[in-house]
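Working through the structure, step by step
Here are the chains, one letter per residue:
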Amino acid sequence: MNPQAKLVFIFSLLLGTTITMSSNHWIMAWTGLEINTLAILPLISKSHHPRAIEAATKYFLVQAAASALVLFSSMTNAWHTGQWDITQLTHPVSCLILTSAIAMKLGLVPFHFWFPEVLQGSPLTTGLLLSTAMKLPPITLLYMTSPSLNTTLLTTMAILSTALGGWMGLNQTQIRKILAFSSISHLGWMTIIIVYNPKLTLLNFYLYSLMTATVFLALNSIKVLKLSTLMTAWTKVPSLNAMLLLTLLSLAGLPPLTGFLPKWLIIQELTKQDMAPAATILSLLSLLGLFFYLRLAYCTTITLPPHTTNHMKLWHTNKPTNILVAILATMSIILLPISPMILTII
């Protein structure tokens, strides 16, 4: 892709995200979402492979439908209350439609079907953007409207997302699809707590973005897309694979790694809100996610010789690891001890 064109698209992504995050008026928020959608489409379809074109088409159709629902919900609210302010969303039907629209934008169950397919058809760097940066504007809208949203609906969607994200990731062999289902599962954790403590949702999103960025960039460095190639990639950059192992375990939420912090805080908050059954269900469902993270981790580093594979080993590379990957990997692993400081910041 032409570097100037890529620069324009990335600048448009930043612009769209900034407009949505800083707007008070529904029309401005919708404009930002549309700019984002149009800017990411060329990045998804840049390889001109039929799967990439299919992914871009699916993404466009879903996001267009979600944007139409956002407009419809805000117009319904304005019709009944005379308010276009995002924080003044009070009409129950508008809240219901907006929840559906945001769920479509994010890929929450039951609107999750597009996300694994789109991620599978995208390059790893675009997949990273889809999993992290493209989720920030909808989560911001959810954050701003959280006081008026339906708690029961959000809790149900969250538990279903965690269940389906874990369940459907179990039998995948494509790493991008595994990461897509991992994203759906994490979104469940973020959604369940948004009504009770919205700051925890943002903290969870930031830490999830940090860990996912590490995984995607590490996989991009060693050029791996399938579990079978991941099993032989350890010879390429052994140290990076060791960091990838720890980052995957952090994504699974194992102590004493960074990923344990948001899960711990969310379970604590749910227990305070007399939602111990929901916290228990979420904790048990996260074991499904743990299984496929362990599977990825096993394929990453624990398949060292002596073992019998028919695959040819890859050459060891002398190219130094990107400093960004090193910083992100370190932060994905060791932030738990400074959690009191993180909590005072948020």
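Residues numbered from 1 in each chain as written. Predicted model: local features only at pLDDT ≥ 70, side-chain atom pairs only at ≥ 80, totals over all residues. Heavy atoms only, no water.

**Side note on the UniProt feature "transmembrane region" (unreviewed entry) in the protein chain**
- Using the residue numbers shown here, the UniProt feature "transmembrane region" (unreviewed entry) corresponds to residues 60-81, 93-115, 151-171, 178-196, 202-219, 240-261, 281-302 and 323-343.
- Along residues 151-171, the helical share is 86% and the strand share 0%, with 32 Å between the first and last C-alpha atoms.
- In residues 178-196, the share of helix is 84% and the share of strand is 0%. The end C-alpha atoms are 29 Å apart. (UniProt positions renumbered as here; feature names shortened; annotations may be inferred. Helix = DSSP H or I, 4+ residues; strand = E, 2+ residues; numbered from the N terminus.)

**Some thoughts on the layout of surface pockets**
- Size it by volume and the largest pocket reaches roughly 270 Å³.
- Around the largest pocket sit 13 residues that line it, and Asn-220, Ser-221, Lys-319, Pro-320 and Asn-322 are the ones nearest its centre.
- Looking at the lining of the largest pocket, the element that brings in the most residues is helix α10 (residues 198-222), giving 3 residues.
- In terms of residue class, the lining of the largest pocket is built from 5 nonpolar, 5 polar and 3 charged. (1 Å grid on protein atoms, 1.4 Å probe; cavity = no way out; pocket = protein on both sides within 12 Å on 5 of 7 lines; lining within 4 Å. Points joined across faces, edges and corners; volume = space filled by probe spheres on them. Nonpolar A, V, L, I, M, F, W, Y, C, P; charged D, E, K, R; others polar.)

**Notes on unusual backbone geometry**
- Here the amide bond leading from Val-109 into Pro-110 is cis, since omega sits at 5°, within 30 degrees of zero.
- Positionally, Pro-110 belongs in the loop between α4 (92-106) and α5 (114-121).
- Across the junction of Pro-255 and Pro-256, the peptide omega takes the value 5°, indicating a cis bond.
- Of note, the phi angle at His-48 is positive, near 60°, even though the residue is not glycine.
- Its location among the elements puts His-48 in the loop between α2 (26-44) and α3 (50-81).
- With a phi close to 55°, Lys-223 is a non-glycine residue in the positive phi region.
- Take Lys-223: its relative accessible area is 59%, and that puts it in the exposed class. (Buried < 20%, exposed > 50% of the residue type's maximum accessible area, 1.4 Å probe, protein only.)

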